[in-house]
Amino acid sequence: MESTTLGFALGLLFGATKVLAIGAVGFGIAWWRARSRVRALEAAEPKPASLEERLDRLEQSLDYQTAHLERLATGQEELRRLLLPRQT
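Scoring rules and cut-offs
Per chain, residues are indexed from 1 in the order of the written sequence. With pLDDT at 70 or above as the cut-off, local features in this predicted model cover only qualifying residues; side-chain atom pairs require 80 or more to be listed or tallied, and sums for whole chains, interfaces and linings still use all residues. The side-chain figures draw on all heavy atoms in the structure; neither hydrogens nor water molecules are used. Counting from the N terminus, the helices are DSSP H or I runs at least four residues long and the strands are E runs at least two residues long. We compute the radius of gyration from the C-alpha atoms alone; for a globule the expected value is 2.2 Å times N to the 0.38, where N is the number of residues. Exposure classes here rest on a 1.4 Å probe applied to the protein chains alone. A residue is buried below 20% of its type maximum, exposed above 50%, and partly exposed in between. For every accessible area listed, the method is Shrake-Rupley and the probe measures 1.4 Å; residues are considered covered only by the protein chains on display. Under the counting rule used here, the positive set is Lys and Arg, the negative set is Asp and Glu, and His together with the chain ends is not counted. Here the site of a charge means NZ on Lys, CZ on Arg, CG on Asp, or CD on Glu. Here a salt bridge means any side-chain nitrogen of Lys or Arg lying within 4 Å of a carboxyl oxygen belonging to Asp or Glu. Residues qualify for a patch when their relative accessible area is over 30% and they have no salt bridge, like charges being joined within 9 Å and the nonpolar side chains of Val, Leu, Ile, Met, Phe, Trp and Tyr within 5 Å.

A.B. asks: Explanation requested: the overall build of the protein in the structure shown.
C.D. replies: Per the secondary structure count, the protein includes 2 helices and 0 strands. Taken over the C-alpha trace, the protein has a radius of gyration of 32 Å; the compact-globule value for 88 residues is 12 Å, which it surpasses by more than 25%. C-alpha atoms of the protein, sized along the principal axes, occupy 95 × 50 × 10 Å. Burial status across the protein gives 0% buried among its 88 residues. When the accessible area of the protein is evaluated, it comes to approximately 8800 Å², of which 65% is carbon and sulfur surface. Counting 12 positive and 11 negative side-chain charges, the protein places the centres of these two groups 7 Å from one another.

Quick look at the structure:
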């Protein structure tokens, strides 16, 4: 009886060891690939034309958001004037 329990426990131990080893190898490979990808991205210089295009799009987006915020503020002011009782 003891030998079957011991065999079962050793089987579980070896199984867990295999799973941990495979996980460690997989994590190591993923880490190495990520590190090399980060180094490649850091080494790459941005193209000036694409940088200018991105800045233009950012500026347009900010202008669009500013216009909508101004409309929202105007609407809030009108709503405040309509809802507040008039003081005489």
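A.B. asks: Quick question: what am I supposed to make of the pattern of salt bridges here?
C.D. replies: One side chain can pair with another of opposite charge once the charged atoms of both are near each other. Inspection of every chain in the model, using the stated rule, returns 1 salt bridge. Note that Arg 80 is salt-bridged to Glu 77, the shortest N-O span being 2.5 Å. In this pair, Arg 80 and Glu 77 both sit in helix H2 (residues 48–83), 3 residues apart, roughly one turn of the helix. A residue is classified by how much of its surface remains accessible, and Arg 80, at 42% relative accessible area, is partly exposed.

A.B. asks: Honestly, a nonpolar patch on the surface in this entry has me stumped. Any pointers?
C.D. replies: Together, Leu 6, Leu 10, Leu 13 and Phe 14 give the surface a local cluster of nonpolar side chains, amounting to about 410 Å² of exposed area. Mapped onto the elements of the fold, Leu 13 is located in helix H1 (residues 2–43).

A.B. asks: I keep staring at a negative patch on the surface and nothing clicks. Help me out?
C.D. replies: On the surface, Glu 52, Glu 53, Asp 56, Glu 59 and Asp 63 cluster together into a negatively charged patch. Of note, Asp 63 is situated in helix H2. A relative accessible area of 48% means that Asp 63 is categorised as partly exposed.

A.B. asks: Whenever I open this one, the environment of Gly 28 confuses me. Can you help?
C.D. replies: Of note, Gly 28 is situated in helix H1. Judged by relative accessible area, which is 32%, Gly 28 ranks as partly exposed.

A.B. asks: Even after reading the chapter, I still don't get the environment of Leu 69, so can you show me in this structure?
C.D. replies: Its location among the elements puts Leu 69 in helix H2. Separated by 22 residues in sequence, Leu 69 and Lys 47 place their C-alpha atoms 33 Å apart.

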